[in-house]
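Reading the structure
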Amino acid sequence: MDGDGAGVPAATERLRLRRLTVTDVDALVELDSDPEVMRFLTGGVATPRATVRDEQVPRLLAEYDRHPGLGRWAALDRATGEFVGWFALDPSADGGEAELGYRLRRPTWGRGLATEGSRALVRHAFDVVGVRRVWAETMSVNDRSRRVLAKAGLRYVRTFHLEWDDPIPGTEHGEVEYELSAREWAAAQDR
């Protein structure tokens, strides 16, 4: 069951998820301004405020209606209400698959929140939305995210190499893809 009847995943023990709003721009800009948070995404380069405000947030808000139950949600600490980052099930064009993603503030790292939130989203994707596949990609050298994906139940599929105009350190080792199908999810629930 979803968390609020509007397609938001249910809360976890330590996280409450809610739809993003235009009032989240400052928190999102702050999150993307931490070079360590952005290390495996942009090589540490911050996302400009105008990009967050004028491009990213409007696109994310439009996704809620286009693919109910999928999208990107603000993650709040259940005890304090503090913004800790976001979690996502970004929909494929037909909404039948979802790309798992997350970005958390550095002070929250190492507490298991990425795994906790990712597991909740995987459950939501299969049990509530009914997608046929959840998948994720990260840099091959991003060991922390690879561990989170494995702990969330996704399995390694492949390593692949992309061409970048401005490669960041680690690009030469490639990207990795992880996935979990609806069939695999159902079989794991029967055990």
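Heads up: these notes are all about the structure in this document. Quick caveat: nothing in here was measured; it's all calculated off a predicted structure.

Digging into the packing of helix H1 (residues 25-32) against helix H3 (residues 49-66)
Contact geometry of H1 with H3 gives a least axis separation of 9 Å together with a crossing angle of 120 degrees. Of the possible angle classes, the one that applies to H1 and H3 is oblique. In this structure, H1 crosses over H3, and the sense of that crossing is right-handed. When H1 is examined against H3, the residues Val25, Asp26, Leu28, Val29 and Asp32 are found in contact with a partner set consisting of Arg49, Val52, Arg53, Gln56 and Val57. Its residues assigned to classes, the contact of H1 with H3 shows 5 nonpolar, 1 polar and 4 charged.

Quick notes on the pattern of salt bridges
All chains considered together, the criterion is met by 19 salt bridges. Of the charged contacts, one joins Arg103 and Asp32 as a salt bridge, the two residues approaching to 2.8 Å between their closest N and O atoms. Of this pair, Arg103 sits in strand E4 (residues 97-104) while Asp32 sits in helix H1, and the two are 71 residues apart along the sequence. On the basis of relative accessible area, Arg103 is assigned to the buried category, the value being 16%.

Brief notes about the pairing of E4
Across the 8 residues of E4, 7 count as buried, placing the element largely inside the fold. By the bridge criterion, 7 bridges tie strand E3 (residues 83-91) to E4 in an arrangement that is antiparallel. Residue Pro91 lies in a different strand from E4, and its bridge partner there is Ala98. Two successive antiparallel strands, E3 and E4, enclose a turn made up of 5 residues, where Gly95 displays a positive phi of approximately 75 degrees.

Quick word on the pairing of strand E5 (residues 133-139)
Summarising burial for E5: 6 of the 7 residues are buried, a large majority. Here E4 runs beside E5; their pairing, made up of 3 bridges, is parallel. Counterpart to Ala98 in the pairing with E5 is Val134. Remark: the E4/helix H4 (residues 113-129)/E5 crossover connection has right-handed handedness. Here E5 runs beside strand E7 (residues 175-181); their pairing, made up of 7 bridges, is antiparallel. Bridged to Thr138 within E7 is Val176.

About the cut-offs
Residues numbered from 1 in each chain as written. Predicted model: local features only at pLDDT ≥ 70, side-chain atom pairs only at ≥ 80, totals over all residues. Heavy atoms only, no water. Axes fitted to C-alpha atoms, helices over the stretch in contact; angles between N-to-C directions. Helix = DSSP H or I, 4+ residues; strand = E, 2+ residues; numbered from the N terminus. Parallel < 35°, antiparallel > 145°, perpendicular 65-115°, else oblique. Left-handed = near helix turned anticlockwise from the far one by under 90°. Contact = heavy atoms within 4.5 Å. Nonpolar A, V, L, I, M, F, W, Y, C, P; charged D, E, K, R; others polar. Salt bridge = Lys/Arg side-chain N within 4 Å of Asp/Glu carboxyl O. Buried < 20%, exposed > 50% of the residue type's maximum accessible area, 1.4 Å probe, protein only. Pairing = 2+ DSSP bridges. Right-handed = clockwise from strand over helix to strand, strands pointing away.

So far we have only geometry, and geometry alone does not tell us how the molecule works.
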